[in-house]
Amino acid sequence: MGLSKMSDSDREYNRDKIKTFLKEYLSEAKTNNKTQVLITSLLHLKGKIFNVKSSFTWAEFYYCTASLFGSTDKHNESKIACSAAIELLVLATDILDDLADQDFNGEILTKLSVPQAVSLSSLLLMEGLHIITLHKNSHLLINVIEQLREAAQGQTKDLSFCISRNHLPTEKEYFAQISRKSVSLTRLVFHLNASSEELPFWNNVADCIGFSGQISNDARDLFDDTKNDLIDKKATLPLIKAIEAGQSKNDDWLLKILTTKNLRENRDLLPAIRAYVQKTGAIKYCEILTEVYLNKAIKLLKKKQEASSNKIQYTNLIRFLGDDDH
Amino acid sequence: MNEKLWALVQEFVNKSQVGNAELAVAGANLDPDVTSVFTKHMYELAETNNHPIQWV
């Protein structure tokens, strides 16, 4: 996701309120001290709310988004609580994602044993939902469940969404897959705030933000030795496009490697695969799409801002997403 | 979905020199919102191809 361009003092203030809520909530929740320590330690990881270097956090994304929809005292209290809830829900899905991908060298599973990871993800999911039930109407909770259900179904499908001899996934299938697996979490943020009449517009914004973030992650993770997407031959956009590029030139080197070699046992092939993908332009294509989708989201927000009385809040969200012009 | 963009990226990806006119003609086939991003990235790429990064 893009770097935040909100003013530093505003950002610090909002972040502190969410952090304080989380600390108090965790200390009052019916969990033992060891569990609280583990959760706090996970919330200090890269991209999480307790990590001072995090440029994009889901809690702050929720906070900026919810600010578009109201600013009464009651609304502000709910905004902080639900920002914390979203941080916990996304952390739960991150743990599940790393478990499913067997990322045992990644940040999360080097801190947790598998039994701890399983029970913590379940606990975080329940605590996140519990906070939302305390602060939102039940019809909005149904929206949350629906998007989490999409994410869970996408995660299950993701296990078999790989490059194989029997099936070569297409770009269209990739977008459908990430729409369920991860973009559903971006939609969840808007579904907790927008009226049902306005959901089609906000779904469009959420999809653009989510596509931008996921494509960027997939391109980055291909070069990350602690991530297993490449060795598991996950059908990510850079791999799909690199295979397509090879096929259009009657060069099936990459496809042959991916369908005949076990990359867990042949890690020495990874540098050559990465260089090949880069040379086809697939990474550059992903970088361009990342920017195009983010620009689309910002353009939609700016158009909506024109008719809104919450102009500052729109500017804050646009800056948070990384637009330099604001 | 983004077929035209992908075709152009493949065409330009390994070029070490990119002319303004060449890029303008290529970009004319794209959605205006995509053209500006594509053009910016292709200039960056040509710069990199002309001065390859020395890996250590």
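Residues numbered from 1 in each chain as written. Chains lettered and ligands numbered in written order. Predicted model: local features only at pLDDT ≥ 70, side-chain atom pairs only at ≥ 80, totals over all residues.

## What to know about the overall build of chain B
Here is step 1 of the chain: The helix and strand inventory of chain B stands at three helices and zero strands.
Here is step 2 of the chain: Mapped from its N terminus to its C terminus, chain B presents α and β elements in the order α-α-α.
Here is step 3 of the chain: Put simply, chain B has 56 residues, and 20% of those count as buried. (Helix = DSSP H or I, 4+ residues; strand = E, 2+ residues; numbered from the N terminus. Buried ≥ 20, exposed ≤ 12 C-beta atoms within 10 Å, placed from the backbone.)

## Focus on unusual backbone geometry
Residues and elements named next belong to chain A.
Here is step 1 of the chain: Backbone geometry places Q102, a non-glycine residue, at a positive phi of 55°.
Here is step 2 of the chain: Relative to the helices and strands, Q102 is located in the loop between α4 (73-100) and α5 (114-135).
Here is step 3 of the chain: With a phi close to 60°, K233 is a non-glycine residue in the positive phi region.
Here is step 4 of the chain: Position of K233 among the secondary structure elements: in the loop between α9 (199-221) and α10 (237-248).
Here is step 5 of the chain: Residue class for K233 comes out partly exposed when judged on the 19 C-beta atoms lying within 10 Å of it.

## Here's the deal with the domain arrangement of chain A
Residue and element names in this part refer to chain A.
Here is step 1 of the chain: Taken domain by domain, chain A consists of domain 1 (8-136) and domain 2 (142-307).
Here is step 2 of the chain: Put simply, the middle of domain 1 and the middle of domain 2, counted by C-alpha atoms, are 24 Å apart.
Here is step 3 of the chain: With 19 residues of domain 1 at the interface, the matching set in domain 2 holds 15 residues.
Here is step 4 of the chain: When its residues are assigned to classes, the side of domain 1 that touches domain 2 shows ten nonpolar, five polar and four charged. (Domains from an automatic or database assignment. Contact = placed C-beta atoms within 7 Å. Nonpolar A, V, L, I, M, F, W, Y, C, P; charged D, E, K, R; others polar.)

## A look at the interface of chain B and chain A
Quoted interface sizes are often the accessible area lost when the parts come together.
Here is step 1 of the chain: Facing 14 residues of chain B, the contacting portion of chain A comprises 17 residues.
Here is step 2 of the chain: Elements with a contribution of two residues or more to the side of chain B that touches chain A: α1 (3-12) and α3 (32-50) of chain B.
Here is step 3 of the chain: With six residues, the top contributor of residues to the side of chain B that touches chain A is α3(B).
Here is step 4 of the chain: For the side of chain B that touches chain A, the class distribution of residues is nine nonpolar, four polar and one charged.

## Looking at the confidence of the model for chain A
Here is step 1 of the chain: With 96% of its residues at a pLDDT of 70 or more, chain A has an overall mean of 92.
Here is step 2 of the chain: A low-confidence stretch, residues 1-5 of chain A stays under pLDDT 50, and its non-local contacts, those more than four residues away or across chains, total 19 contacts. (pLDDT = per-residue confidence, 0-100.)

## Considering the packing of α10(A) against helix α13 (residues 282-306) of chain A
Residue and element names in this part refer to chain A.
Here is step 1 of the chain: One can describe the packing of α10 onto α13 by two numbers: an axis separation of 8 Å at closest approach and a directional angle of 130°. Classified by the angle their axes make, α10 and α13 are oblique. Helix-helix and strand crossings are classified by hand; for α10 and α13 the assignment is right-handed. In contact with L237, P238, K241, A242 and A245 of α10, α13 contributes A282, I283, Y285 and C286.
Here is step 2 of the chain: Grouping the amino acids of the contact of α10 with α13 by side-chain chemistry returns eight nonpolar, no polar and one charged. (Axes fitted to C-alpha atoms, helices over the stretch in contact; angles between N-to-C directions. Parallel < 35°, antiparallel > 145°, perpendicular 65-115°, else oblique. Left-handed = near helix turned anticlockwise from the far one by under 90°.)

## Re the packing of helix α6 (residues 138-158) of chain A against helix α7 (residues 171-181) of chain A
All names here are of chain A.
Here is step 1 of the chain: Remark: α6 packs on α7, axes separated minimally by 6 Å, with the N-to-C direction vectors making an angle of 130°. By the criterion of interaxial angle, the relationship of α6 to α7 is oblique. Seen from α6, the contacting residues are E150, A151, Q153, G154, Q155, K157 and D158; seen from α7, they are Q177, R180 and K181.
Here is step 2 of the chain: Partitioned by chemical class, the residues of the contact of α6 with α7 number one nonpolar, four polar and five charged.

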